[in-house]
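Secondary and tertiary structure notes
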2 protein chains.
Amino acid sequence: MADVCQWCRGSNRSVCAAVPLHFHEEIRRISHIRTFEAGTTIASEGHEALFVGTVLRGVLRLVKTLADGRQQIVGLLFASDMFGRVFSDEMPFAIEAATKVELCMAPRRRFETLLSRHHELEHEILIRTLDELDAGRNWMVVLGCQNMLERVAAFLAILTIREHVLEDAAEGSERAAIVEVPLSRADMAAYLGTTLETVSRSIHRIADHGAIEIIDPRQFLIKDWPALLRLSGRSDLTSHQFLGRFSGHDDNMRTLSEAC
Amino acid sequence: MADVCQWCRGSNRSVCAAVPLHFHEEIRRISHIRTFEAGTTIASEGHEALFVGTVLRGVLRLVKTLADGRQQIVGLLFASDMFGRVFSDEMPFAIEAATKVELCMAPRRRFETLLSRHHELEHEILIRTLDELDAGRNWMVVLGCQNMLERVAAFLAILTIREHVLEDAAEGSERAAIVEVPLSRADMAAYLGTTLETVSRSIHRIADHGAIEIIDPRQFLIKDWPALLRLSGRSDLTSHQFLGRFSGHDDNMRTLSEAC
DNA sequence: CGTTGCGTTGAAACATCTCAAAGGTTGTGG
DNA sequence: CCACAACCTTTGAGATGTTTCAACGCAACG
């Protein structure tokens, strides 16, 4: 329990990392760390939102299920993203573990009380919510007016940026440009608004174009980054559009994005 | 200038209406009211966000334009909605007048300064941003996994709820169930992620089903609300999902939604 | 009275979905 | 070590929904 906040003092984009250290003691007091296996439902759609928190490791998916069973993933949460819904009694979407996840979680009510006393913290959450809103609207553009090849390419491009931003921020290393997709074809399809077959076909077409090389179904080598961006139909793509301002300090990837 | 805040003291969902009256004096001091003709660009994508404010009358559209000219409307702002982007220097989307609009606007920087001094106001903005995020994600479901007939039906249903909530809140009247669509077919298409031809065909198919009657291209009589909801594929549809918590006080429409 | 802008309608082209089957990998038990 | 099942991914071919392109209708306007 003593080292709950250790992770958040590191260099990351979490709310806690953005907030003065003396807040950590208070946050620590109401928080605990838990892990969940892939596939676990952390919070159900329509139920009361009991917990909020931060993703430490793994990926969460926000899922909306229609009455007839159709599902749409409306958001993916990676390490340092906040999950849960403050100031609302009902979860508008389910929160599920897309991979094995490690979460730092706190009871929602107690966290809200804490917010009311610490406006700096609430301000940081506003900033992140605004960025998430922008990112969500950017994703609406993908869903609304891009074809399936473009959607898949855009998804891979965004994932690439995101992963390399995190890595570089953490260790400053220049790794080989490999994207690790932490999702099944079915999850990708649910996020991209299509079917798993179309996702599979699109990935192979992107590989045929020479932009990527398929290492295994979940790992791709970025062979030609400008080509990938071109296929995504979003040469305008820069990390901060989908990831928020906290991802913009990475010169290496910025160069890559601006190369087209 | 003296009555800038008059509107916001009425019964509406605006930030100002939610905040103690003594704030109005301060907000008034930095605000002014302006009208813009339909089609005017109020803020350009990628430019600095100079103003924020509230829609008093009319409809704003948030537009993202891709390099090749494709456009997606990622949000529509109605009376009492806030526009602009606090705490960001660059507008991620263009703000355009979809109809003639009347706006109460304030310089962004000065408004941010005001926010830093009045946490109640910032809190209200957080609440609204969270609700907008939920609404945006709900719209992602529409774009991601509903067919064109369902999208158009859902759009009409949401508009119906929204208009009647506002009207009923304002005057408590029980008007005939007429939806007024404040958008051209092209704008509807850009919002729904399709073409204007498909929008037109879908509207006529909905009319063929008997759910609506086309009075003129922008006015529809709701003949069978349950049928409209059924066609939308979202019988789960309640106003607060797309409109935020401030629309939930209307018993009349809630009965309508829950009738299915 | 022609022009302009917007909405509707039709028919062919196209992208994506659906259904079906095959291929590959992983883990388990014989 | 092999056989087998379970699961995920890939591939194929026909069905379907949507787009595209073109023409037409209609009202507002100069």
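Placed above this text is the structure.
For the structure given in this document, a descriptive report is provided here. (Residues numbered from 1 in each chain as written. Chains lettered and ligands numbered in written order. Predicted model: local features only at pLDDT ≥ 70, side-chain atom pairs only at ≥ 80, totals over all residues. Heavy atoms only, no water.)

A separate point is the protein's contact with DNA strand D. Close to DNA strand D lie 14 residues, the nearest being A:Arg185, A:Ser200, B:Thr194, B:Thr198 and B:Arg201. Counted by atom, the contact set of DNA strand D within 4 Å of the protein is 57% sugar and phosphate. Between a phosphate oxygen of DNA strand D and a side-chain N or O atom of A:Ser200, the distance comes to 2.8 Å. Those elements that place two or more of their residues in the surface near DNA strand D are helix H6 (196-208) of chain A together with helix H6 (196-208) of chain B. Per-element accounting of the surface near DNA strand D gives the leading share, four residues, to H6(A). (Near = heavy atom within 4 Å. Polar contact = N/O pair within 3.5 Å; in protein donor to acceptor, adjacent residues only side chain to side chain. Helix = DSSP H or I, 4+ residues; strand = E, 2+ residues; numbered from the N terminus.)

Residue and element names in this part refer to chain A. Of all seven residues making up strand E8 (residues 101-107), five are buried, and the element is well covered by its neighbours. Taken together, the five bridges between strand E1 (residues 32-36) and E8 define a ladder with antiparallel strand orientation. Paired with Thr 35 across the two strands is Glu 102, which belongs to E8. Sheet topology note: the strand E3 (residues 51-57)/E8 ladder contains six bridges and is antiparallel. Considered in E8, the bridge of Val 55 is made with Leu 103. (Buried < 20%, exposed > 50% of the residue type's maximum accessible area, 1.4 Å probe, protein only. Pairing = 2+ DSSP bridges.)

A separate point is the pairing of strand E7 (residues 94-97) of chain A. All names here are of chain A. Residues Ala 94 and Glu 96 of E7 are buried on one face, and the alternating residues Ile 95 and Ala 97, pointing to the opposite face, are buried as well. Pairing of strand E2 (residues 41-43) with E7 involves two bridges; the strand directions are antiparallel. Bridging across to E7, Thr 41 finds its partner in Glu 96. Direction of pairing for strand E4 (residues 60-65) relative to E7: antiparallel, over a ladder of four bridges. Counted as the bridge partner of Leu 62 is Ile 95 from E7.

Turning to the nonpolar core, a few remarks are in order. Counting residues in hydrophobic clusters, the biggest one holds 122 residues, and the most contacted among them are A:Phe155 and B:Phe155. In terms of nonpolar packing, the next biggest core, distinct from the first, is built from 38 residues, A:Phe111, A:Ile125, B:Phe111 and B:Leu126 among them. (Core = buried A, V, L, I, M, F, W, Y, C linked by side-chain atoms within 4.5 Å.)

We now examine the packing of aromatic side chains. For the structure shown, the criterion picks out four aromatic pairs over all chains. Both rings, one in A:Phe155 and one in A:Tyr191, keep their centres 5.6 Å apart while their planes meet at 70°; by these two values the pair is edge-to-face. Taken together, the residues span a long stretch of sequence, with A:Phe155 in helix H4 (residues 148-171) and A:Tyr191 in helix H5 (residues 185-192) at a distance of 36 residues. Given a relative accessible area of 4%, A:Phe155 falls into the buried group. Classification of A:Tyr191 as buried rests on a relative accessible area of 12%. Measuring from centroid to centroid gives 4.4 Å for B:Trp139 and B:Tyr191, while their planes differ by 10°, and the two rings are stacked. Remark: B:Tyr191 occurs in helix H5 (residues 185-192) and B:Trp139 occurs in helix H3 (residues 119-145); sequence separation between them is 52 residues. We note that B:Trp139, like B:Tyr191, is buried. Linked through ring pairs, A:Trp139, A:Phe155 and A:Tyr191 together constitute an aromatic cluster. (Phe/Tyr/Trp six-rings, centres within 6.5 Å; stacked < 30°, edge-to-face > 60°.)

In this complex, chain B contributes 44 residues to the contact, which on the side of chain A involves 44 residues. Surface buried jointly by chain B and chain A totals about 4,000 Å² across both partners, of which 62% is contributed by carbon and sulfur atoms. Contact with chain A buries surface across chain B, with B:Leu126, B:Arg137 and B:Met140 losing the most and accounting together for 16% of the total. Run the count over chain B and chain A and you get nine salt bridges. Applying the counting criterion to the chain B and chain A interface returns 13 residue pairs in polar contact (both at pLDDT 80 or more). Elements with a minimum of two residues in the side of chain B that touches chain A: strand E4 (60-65), strand E5 (71-77) and H3 of chain B. Of the residues belonging to the side of chain B that touches chain A, the class tally is 18 nonpolar, 14 polar and twelve charged. (Contact = heavy atoms within 4.5 Å. Buried area = accessible area lost by both parts, 1.4 Å probe. Salt bridge = Lys/Arg side-chain N within 4 Å of Asp/Glu carboxyl O. Nonpolar A, V, L, I, M, F, W, Y, C, P; charged D, E, K, R; others polar.)

Around DNA strand C, the structure places 15 residues, and the nearest of them are A:Thr194, A:Thr198, B:Arg185, B:Ser200 and B:Arg201. The sugar and phosphate moieties of DNA strand C supply 62% of its atoms located within 4 Å of the protein. Between DNA strand C and the protein, one listed contact pairs a base nitrogen with a side-chain N or O atom of A:Glu197 at 3.1 Å. Of all elements in the fold, only H6 of chain A together with H6 of chain B reach the threshold of two or more residues within the surface near DNA strand C. Take the surface near DNA strand C: its biggest share by element is five residues, from H6(B).

Another point: H5(A). Residue and element names in this part refer to chain A. By the criterion of burial, H5 is predominantly enclosed, with seven of the eight residues buried. Every buried residue of H5 is listed here: Arg 185, Asp 187, Met 188, Ala 189, Ala 190, Tyr 191 and Leu 192. Trailing H5 by a residue or two, Gly 193 shows a phi angle of about 70°, which is positive.

Let's shift gears to the relation of the copies chain B and chain A. In the superposition of chain B on chain A (RMSD 0.0 Å, axial shift 0.0 Å), the rotation amounts to 180°. Expressed as an axis order, the relation between the two copies is that of a two-fold axis. When the interface residues of chain B are mapped onto chain A, 100% of them again lie at the interface, so the same face is used by both copies. (Least-squares fit on C-alpha atoms with pLDDT ≥ 70 in both.)

Residues and elements named next belong to chain A. With antiparallel pairing, four strands are arranged side by side in an open sheet as E2-E7-E4-E5. Of all the strands in the sheet, the pair left with one neighbour each is E2 and strand E5 (71-77). In this sheet, neighbouring strand axes are inclined to one another by 35° on average, regardless of whether the strands run parallel or antiparallel. The sheet strands contacting H5 are E4 and E5, and the helix crosses E5 at an angle near 95°. (Axes fitted to C-alpha atoms, helices over the stretch in contact; angles between N-to-C directions.)

So, to be careful, I would describe these as geometric facts and stop short of saying anything about function.
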